[in-house]
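A look at the structure
Below are the chains, spelled out letter by letter.
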Amino acid sequence: MKVSLKWLREYVDITLPADELAARLTASGTEVAGITRTGGSWDSVQVARITRIERHPNADRLSLATVDLGGDRDRTVVCGAPNIQVGQKVPFAHVGATLIDGHTGERATLTAARIRGVVSEGMLCSEKELGISDEHQGILILPEEAPTGTPLEDYLRDTILDLDVTPNRPDCYSLVGVAREVAVLTGQSLREPERSYQEAGPSIEGQVFVEVADPDLCPLRDAMRWEELPAAGEGAFANGLARFARRLARPGRQQTLLDHPLGHRRVCVEVRHQTVIDDGRHDAVDLGVNEFDLRL
Amino acid sequence: MVQPGRLHPITIALREMADIFGRMDFGIAYGPELEDDWHNFTALNVPEDHPARDMQDTFWIKGQPGKVLRTHATSVTMRKLEEMAKTGATSMRMINPGKVFRNEATDMTHEAQFYQLDGFAIGPTGTVTLANLKGTFDRFYREYFGPDTKVRFRPSFFGFTEPSVEVDVWFEVPGKKGQWLETAGAGMFHPNVIRNAGLDPEKFQGFAFGGGLERLIMIKYGIPDVRLFHSGDIRFNYAFDEKPA
């Protein structure tokens, strides 16, 4: 079973390097068969906070952005992107960083440059330049809580552990179960993940019928009519929905699930998967085009 | 001129291992390679619908339901326990090496047919413990690999043992860094296994173990590819002295 350390962090603090954590899990009986590190190589790229933006004296379409790097002195860069604002967290690449050239698509080392007469001390990066996607219309805006100065690698990267769970440990077939193991093995506490969401819209009372065929096997049940979002509903499905929205939304992008390129039905499937992955619970049945009978 | 024959490296290694275990009073037992489902799985507390069955990919025989190419030599352990129940013996310790079969894709470290060094010890409750298991492996590895080897147990799961362990050996190649290598699975007999043999699990207790035989030879002599053992290449035989070191 593959476990994302980033997602695991929602349940427990990871206080050891991945290799050491893997060794402890293996020694405890759940063997780590492999460790994969995702994300590009973002040496010399940090999370920066924009403190000031000025017009470039010699170019209408360019601006001078000053960024705070946390410990070091502020840097000023020449930037052509239209979407930057003071206060935003953005990726700042130092001279010498290896990135993807936004125009050629090739890997290139960032050199010191004078752009229209002003020295640029580095570069604010788009997703394309970081190798995340082909998005090059603007700078990648990171979430507000991204810590200023953190190496981008540490913030955006993920480490995946591939666990060989033995048949006598079905509790480890879920994130919460693995988090429990990790908490015990590292002396940390398991915590409840954020389960906040807003309910909106009229009550669906009387519109959906729920029947529990076997209360012993299925102690919880949720019903949700999916017509509009934000959704009216409650409980486990909505939790899953909120988690899905948070995890799969692109950093800095405002996007409602209605607009999600995956579409309604696919989003429901993904939400089910999230619940299984997180809590180890099953499962839902698709009744028709826009209705789901969801049993959790 | 007729060339004299040579023993296969597996035969040479097996004789050496049997000698080590023999001096610990272990006998040698053999059993059929074409086994029945009872001795290979069900009697060993691995029922048909249990996920533990998926831990070993099995060769079944067309037209012979209930028959299987044994996936481990522990099937022989079951046969010997059944025998013990019939003869009324109160203790037994055996190694039961032999060829086993698993439906695996072959590569440098995996074969579809290979040898296992399997074994067990059982006696009146309290006389054969997990500590004895550790001691047995400790002794065996120090004699087979050298006096600097160490043994370590890690928790694991097998249907026929509870508790179950993975057995690692600490091995150092001269000039290189030492490392822990996984060599065998083992554990204390699950009460269901003892009961299925016809013995009373309240009165008897013991341990069982099993691991790849070629793997031990590969570790000791630095052989890189398990497929060499069954390739039929006669030059492989000439690399080994007939007498144990």
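Not measured: the values here are computed from a predicted model. (Residues numbered from 1 in each chain as written. Chains lettered and ligands numbered in written order. Predicted model: local features only at pLDDT ≥ 70, side-chain atom pairs only at ≥ 80, totals over all residues. Heavy atoms only, no water.)

**Some points on the overall build of chain A**
Put simply, the rule reads: Per the convention used, a helix needs a DSSP run of H or I reaching at least four residues, while a strand needs a run of E reaching at least two, with both numbered from the N terminus. Residue exposure (1.4 Å probe, protein chains only): buried if accessible area is under 20% of the type maximum, exposed if over 50%, otherwise partly exposed. Note on contacts: a residue pair is in contact if any heavy atoms of the two residues lie within 4.5 Å. Residue exposure ignores everything except the shown protein chains as possible cover, and the areas themselves are Shrake-Rupley values with a 1.4 Å probe.
Across its full length, chain A carries seven helices and 15 strands. Evaluated residue by residue, chain A yields a buried proportion of 42% over its 296 residues. Pairs at least 24 apart in sequence give 63% of the contacts found in chain A among residues at least 6 apart. Accessible area of chain A: about 16000 Å², with a carbon and sulfur share of 48%.

**Some remarks on the overall build of chain B**
Basically, it comes down to this: Restricting the calculation to C-alpha atoms gives the radius of gyration, and the globule rule supplies 2.2 Å times the number of residues raised to the power 0.38. We treat Lys and Arg as the positive residues and Asp and Glu as the negative residues; His and chain ends play no part in the count. By convention, charge coordinates are those of NZ in Lys, CZ in Arg, CG in Asp, or CD in Glu.
Helix and strand content of chain B: seven helices and ten strands. For a compact globule of 245 residues, the expected C-alpha radius of gyration is about 18 Å, and chain B comes in at 18 Å, within 12% of that figure. Oriented by its inertia axes, the alpha-carbon framework of chain B measures out at about 55 × 45 × 35 Å. Burial statistics for chain B: of 245 residues in total, 49% are counted as buried. Chain B carries 28 positive and 32 negative side-chain charges, and their two centres are separated by 4 Å.

**Some words on the pattern of salt bridges**
Side chains carrying opposite charge are able to pair once their charged atoms draw close together. Selection rule: The salt bridge definition used is simple: a Lys or Arg side-chain nitrogen within 4 Å of an Asp or Glu carboxyl oxygen.
Overall, the coordinates contain 24 salt bridges over all chains when judged by the stated rule. Of the charged contacts, one joins Glu 31 of chain A and Arg 154 of chain B as a salt bridge, the two residues approaching to 3.7 Å between their closest N and O atoms. Here Glu 31 of chain A is found in strand β2 (residues 31-38), whereas its partner Arg 154 of chain B is found in strand β7 (residues 150-158) on a different chain. The exposure class of Arg 154 of chain B is buried, given its relative accessible area of 6%.

**Examining the interface of chain A and chain B**
Here is the rule: Each of two parts loses accessible area, computed with a 1.4 Å probe, when they are put together; buried area is these two losses added. Residues are sorted three ways: Asp, Glu, Lys and Arg are charged, Ala, Val, Leu, Ile, Met, Phe, Trp, Tyr, Cys and Pro are nonpolar, and all the rest, Gly among them, are polar.
Tallying the contact residues gives eight residues for chain A and nine residues for chain B. Area buried by chain A at its contact with chain B is led by Glu 31, Pro 167 and Asn 168 of chain A, which between them contribute 57% of it. At the boundary of chain A with chain B, the tally comes to one salt bridge. Counted by class, the side of chain A that touches chain B contains two nonpolar, five polar and one charged residues.

**Points about the sheet that holds strand β11 (residues 122-124) of chain A**
Residues and elements named next belong to chain A. Condition: When DSSP finds two or more bridges between a pair of strands, those strands are recorded as paired. Axis definition: a line fitted to C-alpha atoms, limited for helices to the stretch in contact. Angles are taken between N-to-C directions and run from 0 to 180 degrees.
An order of β5-β4-β3-β6-β11 is seen for the five strands of this open sheet, with the pairing classed as antiparallel. Looking at the sheet topology across the chains shown, the edges are occupied by β5 (75-79) and β11. Averaged over all neighbouring strand pairs, the angle between strand axes comes to 45°, with direction disregarded. With six bridges connecting them, strand β3 (residues 45-55) and strand β4 (residues 63-68) associate as antiparallel partners. Residue pairing across strands places Ile 53 opposite Ala 65, the latter belonging to β4.

**Re the packing of helix α2 (residues 18-28) of chain A against helix α5 (residues 175-186) of chain A**
The axes of two packed helices give the description: the angle between them and the distance between them. Residue and element names in this part refer to chain A. Counted only if it meets this: Orientation is classified from the angle alone, with under 35 degrees giving roughly parallel, over 145 giving roughly antiparallel, 65 to 115 giving roughly perpendicular, and any other angle giving oblique.
Where α2 contacts α5, the axes come no closer than 10 Å and their chain directions differ by 100°. The pairing of α2 with α5 is recorded here as roughly perpendicular in orientation. From α2, Leu 21, Arg 24, Leu 25 and Ser 28 reach across to α5, where they touch Glu 181, Val 182, Leu 185 and Thr 186. Residue classes in the contact of α2 with α5 are distributed as four nonpolar, two polar and two charged.

**A word on the confidence of the model for chain A**
Residues and elements named next belong to chain A. For the record, the criterion: Scored from 0 to 100, pLDDT records how confident the predictor is in each individual residue.
Chain-level statistics for chain A give a pLDDT mean of 77 and a share of 65% at 70 or above. Low pLDDT (under 50) marks residues 223-234, which in the prediction has 35 contacts with non-local residues, meaning those over four places away or in another chain. Taken as a whole, residues 250-256 scores under 50 in pLDDT and shows ten contacts with residues more than four places along the chain or in a different chain.

**As for the side chain of Asp 168 of chain B**
In this fold, Asp 168 of chain B is placed in strand β8 (residues 161-171). Its relative accessible area of 1% is what places Asp 168 of chain B among the buried residues.

**Section: the sheet that holds strand β1 (residues 2-4) of chain A**
Residue and element names in this part refer to chain A. Here we have three strands laid out as an open sheet, ordered β1-β12-β2, and antiparallel in their pairing. One side of each edge strand has no neighbouring strand; the edge strands of this open sheet are β1 and β2. In this sheet, neighbouring strand axes are inclined to one another by 25° on average, regardless of whether the strands run parallel or antiparallel. Relative to the sheet, α2 contacts β2 and β12 (158-164), its axis offset from that of β2 by approximately 160°.

**Focus: helix α6 (residues 213-221) of chain B**
Residue and element names in this part refer to chain B. Turning to α6, its buried residues number three or more, namely Leu 213, Glu 214, Leu 216, Ile 217, Met 218 and Ile 219. Structurally, α6 contributes buried residues whose contacts are with α1 (9-22), β6 (113-124), α4 (130-144), β8, β9 (179-189) and β10 (204-212). Immediately beyond the C-terminal end of α6, within one or two residues, lies Gly 222, with a positive phi of roughly 70°.

**Quick notes on the state of the cysteines**
Let me state the cut-off plainly: Cysteine sulfur atoms are paired as a disulfide whenever they come within 2.5 Å of each other.
Across all of its chains, the model carries zero disulfides over all chains by this definition. Among the cysteines around Cys 79 of chain A, which has no disulfide bond, Cys 125 of chain A carries the closest sulfur, lying 9.7 Å off.

**Quick notes on the nonpolar core**
Residues and elements named next belong to chain B. Going by this rule: The nonpolar core is taken to be a set of buried Ala, Val, Leu, Ile, Met, Phe, Trp, Tyr and Cys residues, with the residues joined through side-chain atoms within 4.5 Å.
In terms of nonpolar packing, the biggest core is built from 41 residues, with Phe 137, Phe 140, Tyr 141, Tyr 144 and Phe 209 touching the most fellow members. Looking at this core, the elements that each hand over two or more residues are α1, β6, α4, β8, β9, β10 and α6. In terms of residue count, the dominant contributor to this core is α1 (eight residues). Each residue touching Tyr 144, except ones within four places of it in the same chain, is listed here: Ala 13, Glu 16, Met 17, Ile 20, Leu 216, Ile 217, Lys 220 and Tyr 221. Core analysis: the next-biggest nonpolar cluster, separate from the first, contains 24 residues, Ala 29, Val 76, Phe 157 and Phe 189 among them.

**A look at α1 of chain B**
Residues and elements named next belong to chain B. Short version of the rule: Helix span, expected: 1.5 Å multiplied by one less than the number of residues in the helix.
If you check α1, its first and last C-alpha atoms are 19 Å apart, about what 14 residues at 1.5 Å a residue would give, namely 20 Å. The buried fraction of α1 is high, at ten of 14 residues. Those residues of α1 that sit buried are Pro 9, Ile 10, Ile 12, Ala 13, Leu 14, Glu 16, Met 17, Ala 18, Ile 20 and Phe 21.

**Considerations on the packing of aromatic side chains**
All names here are of chain B. To be explicit about the condition: Between 30 and 60 degrees the pair is tilted, below 30 it is stacked and above 60 it is edge-to-face, where a pair is any two Phe, Tyr or Trp rings, Trp via its six-membered ring, whose centres lie within 6.5 Å. Whether a charge lies above a ring is judged from NZ of Lys or CZ of Arg, which has to be within 6 Å of the ring centre and within 35 degrees of the ring normal.
For the structure shown, the criterion picks out 16 aromatic pairs over all chains. Judged by centre distance (5.1 Å) and plane angle (75°), the rings of Phe 137 and Phe 209 are edge-to-face. Taken as a pair, Phe 137 in helix α4 and Phe 209 in strand β10 lie far apart in primary sequence, 72 residues in all. For Phe 209, a relative accessible area of 4% gives the class buried. Within the aromatic cluster, the residues linked to one another by ring pairs are Phe 21, Phe 26, Phe 137, Phe 140, Tyr 141, Tyr 144, Phe 145, Phe 171, Phe 207 and Phe 209. One Lys or Arg, Arg 6, reaches over the ring of Tyr 238 and ends 4.6 Å from the middle of that ring. Lying over the aromatic face of Phe 26, Arg 93 brings its terminal NZ or CZ to 5.8 Å of the ring centre.

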